[in-house]
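Structure assessment
Chain by chain, the residues run as shown.
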Amino acid sequence: MTTISPADLAQREKSGQPIELIDVRTPAEFREIHATPARNAPLESLDVDGVVKSRQLGADQPLYVICRSGKRADQACRKFVAAGYDNVINVEGGTVAWEAAKLPVVRGKKAIALERQVRIAAGSLVLLGAVLGLTVHPYFIGISAFVGAGLIFAGVTDTCGMAMMLARMPWNQVKGEPPVNNCRIA
């Protein structure tokens, strides 16, 4: 997968080279902070063909992809490549690296990061299963086992079902915006 540092991407833009940057985080994460030139196209509902058709620049120009730290952007780049669009470039280190490089960002309403939400939900379910298993019936330990198996699956496949589910929750949507399952570049 091709990558570029935030500083190199900003330098290209500064030199007058047109860039097109999509941010594949949830709308709430995007609203909290994003690179100034970025547009939102959430990974959970990424419509590769729709994004390509709505591009402002020609297909001969690269499409840059950014997320929080680079992992979801890498997944999005792989989706583009699998669909036959290979002129995509992952921004190394994501928005975290962009901000650390002191590049321009847009700040909005604070949100709890999706990764933190997953840890809170998983920890709560494991604790609930353990407490219910000790106090009500041993079968409730199955809740903890189910969450543990899900975390192992997420680690092995780099796909987190809980994160996908949480991304669709109302608190991760931006009022006035369509739900995550309708990808749009805003």
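This is a predicted model, so every value here is computed, not measured.

Section: the overall build of the protein chain
A count of helical and extended segments in the protein chain gives eight helices and seven strands. Principal-axis analysis of the C-alpha atoms places the extent of the protein chain at approximately 65 × 35 × 30 Å. The buried share among the 186 residues of the protein chain stands at 39%. The contacts in the protein chain between residues at least 6 apart in sequence include a share of 69% that link residues at least 24 apart.

A short note on unusual backbone geometry
The phi torsion at Lys102 lies on the positive side, around 60°, for a residue other than glycine. When you line up the elements, Lys102 lands in the loop between helix H5 (94-100) and strand E7 (105-107). A relative accessible area of 74% means that Lys102 is categorised as exposed. The phi dihedral of Asp158 is positive, around 60°, even though this residue is not glycine. Relative to the helices and strands, Asp158 resides in the loop between helix H7 (141-157) and helix H8 (161-167).

Points about the side chain of Arg55
Position of Arg55 relative to the elements: it lies in the loop between helix H3 (48-53) and strand E5 (63-66). You can call Arg55 buried: its relative accessible area is 14%. Not counting residues within four places of it along the chain, the set of residues in contact with Arg55 comprises Glu20, Gln61, Pro62 and Leu63.

Focus on the confidence of the model for the protein chain
Residues of the protein chain with pLDDT of at least 70 account for 93%, and the chain-wide mean is 88. Note that pLDDT drops below 50 for residues 178-186; the model gives that stretch 28 contacts with residues more than four away or on any other chain.

Re the side chain of Arg25
Within the secondary structure, Arg25 sits in the loop between strand E2 (20-23) and helix H2 (27-32). A polar contact of 2.8 Å, which involves the side chain of Arg25, links it to the side chain of Asp23. Apart from the residues lying within four places of it in its own chain, the contact partners of Arg25 are Phe30, Ile33, His34, Asn40, Pro42, Cys67, Arg68, Arg72 and Thr95.

A few points about the sheet that holds strand E6 (residues 88-91)
The five strands are arranged E1-E6-E5-E2-E4 in an open sheet whose pairing can be described as parallel. Looking at strand neighbours, the two that pair on one side only are strand E1 (3-4) and strand E4 (38-40), the edges of this open sheet. Pairing of E2 with E4, which is carried by three bridges, proceeds in the parallel orientation. Along E4, the bridge assignment pairs Ile22 with Arg39. Across the face of the sheet, helix H4 (residues 71-82) comes into contact with E2, E5 and E6 while running at roughly 175° to E6.

Quick word on the environment of Val52
Along the chain, Val52 falls in helix H3. By relative accessible area, Val52 is classed as partly exposed at 22%. As a C-alpha pair, Val52 and Ala38 span 14 residues in sequence and 15 Å in three-dimensional space. Setting aside residues up to four positions removed in sequence, Val52 forms contacts with Phe80 and Tyr85.

Quick word on the nonpolar core
Grouped together as the largest cluster of nonpolar side chains are 15 residues, with contacts concentrated most on Ile22, Val24, Leu46, Val51, Val65 and Phe80. Counting residues per element, this core draws most heavily on H4, which supplies four residues. Membership of the second largest hydrophobic core comes to 14 residues, among which are Leu9, Phe30, Tyr64 and Ile89.

About the criteria used
- Residues numbered from 1 in each chain as written.
- Predicted model: local features only at pLDDT ≥ 70, side-chain atom pairs only at ≥ 80, totals over all residues.
- Heavy atoms only, no water.
- Helix = DSSP H or I, 4+ residues; strand = E, 2+ residues; numbered from the N terminus.
- Buried < 20%, exposed > 50% of the residue type's maximum accessible area, 1.4 Å probe, protein only.
- Contact = heavy atoms within 4.5 Å.
- pLDDT = per-residue confidence, 0-100.
- Polar contact = N/O pair within 3.5 Å; in protein donor to acceptor, adjacent residues only side chain to side chain.
- Pairing = 2+ DSSP bridges.
- Axes fitted to C-alpha atoms, helices over the stretch in contact; angles between N-to-C directions.
- Core = buried A, V, L, I, M, F, W, Y, C linked by side-chain atoms within 4.5 Å.

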